[in-house]
Amino acid sequence: KQEVTQIPAALSVPEGENLVLNCSFTDSAIYNLQWFRQDPGKGLTSLLLIQSSQREQTSGRLNASLDKSSGRSTLYIAASQPGDSATYLCALGSGNTGKLIFGQGTTLQVKP
Amino acid sequence: GAVVSQHPSWVICKSGTSVKIECRSLDFQATTMFWYRQFPKQSLMLMATSNEGSKATYEQGVEKDKFLINHASLTLSTLTVTSAHPEDSSFYICSARRSGGYNEQFFGPGTRLTVL
């Protein structure tokens with residue numbers, strides 16, 4: 001059974017810092033991996049989608065990497081801003097069914 | 001593009017009543033939609049997979065007679081919580097997978113259900 005773990009559970013950094021959020025999974029037979037952002041009381045916003053055959057994806061200040069062999073993905077946020085404060089969730093698609101298995105999330109606070 | 005809406009955004013109901021939540025993909029067709037629930041400070045738990053024109057597939061432990069799902073068109077899925085009880089109070093989120101895409105899912109804004 002696939003298990004997804006995100007470390008740390010919470011993170012507080014000063015504005016301008018570069019930071020890395022971690023996501024690990026137990027079964028390397030994944031279909032894809034998706035990173036989401038969730039603001040309090042809101043739905044999820046898709047940030048990056050990495051297909052199984054890809055190693056990384058970039059969008060603006062965000063870069064996500066995928067290493068299936070080690071069961072890890074990282075989300076790199078450059079030059080963090082207070083507006084980046086949110087909970088970040090990684091989710092694994094383990095087959096063509098489209099089902100996603102979510103990690104518990106990392107709650108990020110960027111202080112001005 | 002790839003916008004998913006949910007209605008209502010919040011609802012308060014009395015115990016024993018039924019509540020319907022709509023999930024719509026506004027600018028794309030979705031053969032598959034998913035329903036999740038999220039308790040405070042917890043992650044999303046998949047409840048069921050909704051396929052257009054066929055019966056929904058429920059995850060283990062989810063009562064199909066209590067959580068009725070209908071996916072009548074390529075842009076609309078509904079979740080009806082029947083005979084709601086206070087323990088059903090939660091944040092319900094739907095997602096839609098774009099047909100022909102890379103299995104990327106787009107999420108709705110969620111519906112906050114409070115059962116008194």
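Residues numbered from 1 in each chain as written. Chains lettered and ligands numbered in written order. Predicted model: local features only at pLDDT ≥ 70, side-chain atom pairs only at ≥ 80, totals over all residues. Heavy atoms only, no water.

1. Notes on the interface of chain B and chain A
At the junction of the two partners, chain B supplies 19 residues and chain A supplies 22 residues. Roughly 1,600 Å² of surface becomes buried between chain B and chain A when both sides are summed, with 50% attributable to carbon and sulfur atoms. The largest share of the area that chain B buries against chain A comes from Ser-43, Asn-103 and Phe-107 of chain B, three residues that together contribute 30% of it. Across the contact surface, chain B and chain A share one salt bridge. A salt bridge links Glu-59 of chain B to Lys-99 of chain A, with the shortest nitrogen-to-oxygen separation between them at 2.8 Å. Here chain B is connected to chain A by six residue pairs in polar contact (both at pLDDT 80 or more). Of the residues belonging to the side of chain B that touches chain A, the class tally is nine nonpolar, seven polar and three charged. (Contact = heavy atoms within 4.5 Å. Buried area = accessible area lost by both parts, 1.4 Å probe. Salt bridge = Lys/Arg side-chain N within 4 Å of Asp/Glu carboxyl O. Polar contact = N/O pair within 3.5 Å; in protein donor to acceptor, adjacent residues only side chain to side chain. Nonpolar A, V, L, I, M, F, W, Y, C, P; charged D, E, K, R; others polar.)

2. Description of the sheet that holds strand S3 (residues 19–25) of chain A
Residues and elements named next belong to chain A. With respect to topology, five strands assemble into an open sheet ordered S1-S3-S8-S7-S6, the strand pairing being antiparallel. Of all the strands in the sheet, just strand S1 (4–7) and strand S6 (56–59) have a single pairing partner and so form its edges. Put simply, the sheet's adjacent strands are angled 15° from each other on average, direction ignored. Note that strand S7 (residues 62–67) and strand S8 (residues 72–77) share six bridges and pair antiparallel. Paired with Ala-64 across the strands is Leu-75, a residue of S8. (Pairing = 2+ DSSP bridges. Helix = DSSP H or I, 4+ residues; strand = E, 2+ residues; numbered from the N terminus. Axes fitted to C-alpha atoms, helices over the stretch in contact; angles between N-to-C directions.)

3. Observations concerning the environment of Gly-60 of chain A
Residue and element names in this part refer to chain A. Tracing the sequence through the fold places Gly-60 in the loop between S6 and S7. Exposure remark for Gly-60: the relative accessible area of 75% places this residue in the exposed category. As a C-alpha pair, Gly-60 and Ala-78 span 18 residues in sequence and 8.9 Å in three-dimensional space. (Buried < 20%, exposed > 50% of the residue type's maximum accessible area, 1.4 Å probe, protein only.)

4. Here we look at the pattern of salt bridges
All names here are of chain B. Overall, the coordinates contain five salt bridges over all chains when judged by the stated rule. A salt bridge links Asp-88 to Lys-66; the nearest nitrogen and oxygen atoms lie 2.9 Å apart. A residue pair is termed long-range when its members are at least 10 positions apart, and Asp-88 in the loop between strand S8 (76–81) and strand S9 (90–97) and Lys-66 in the loop between strand S6 (57–58) and strand S7 (67–73) qualify at 22 residues. Using a relative accessible area of 5% as the deciding quantity, one classes Asp-88 as buried.

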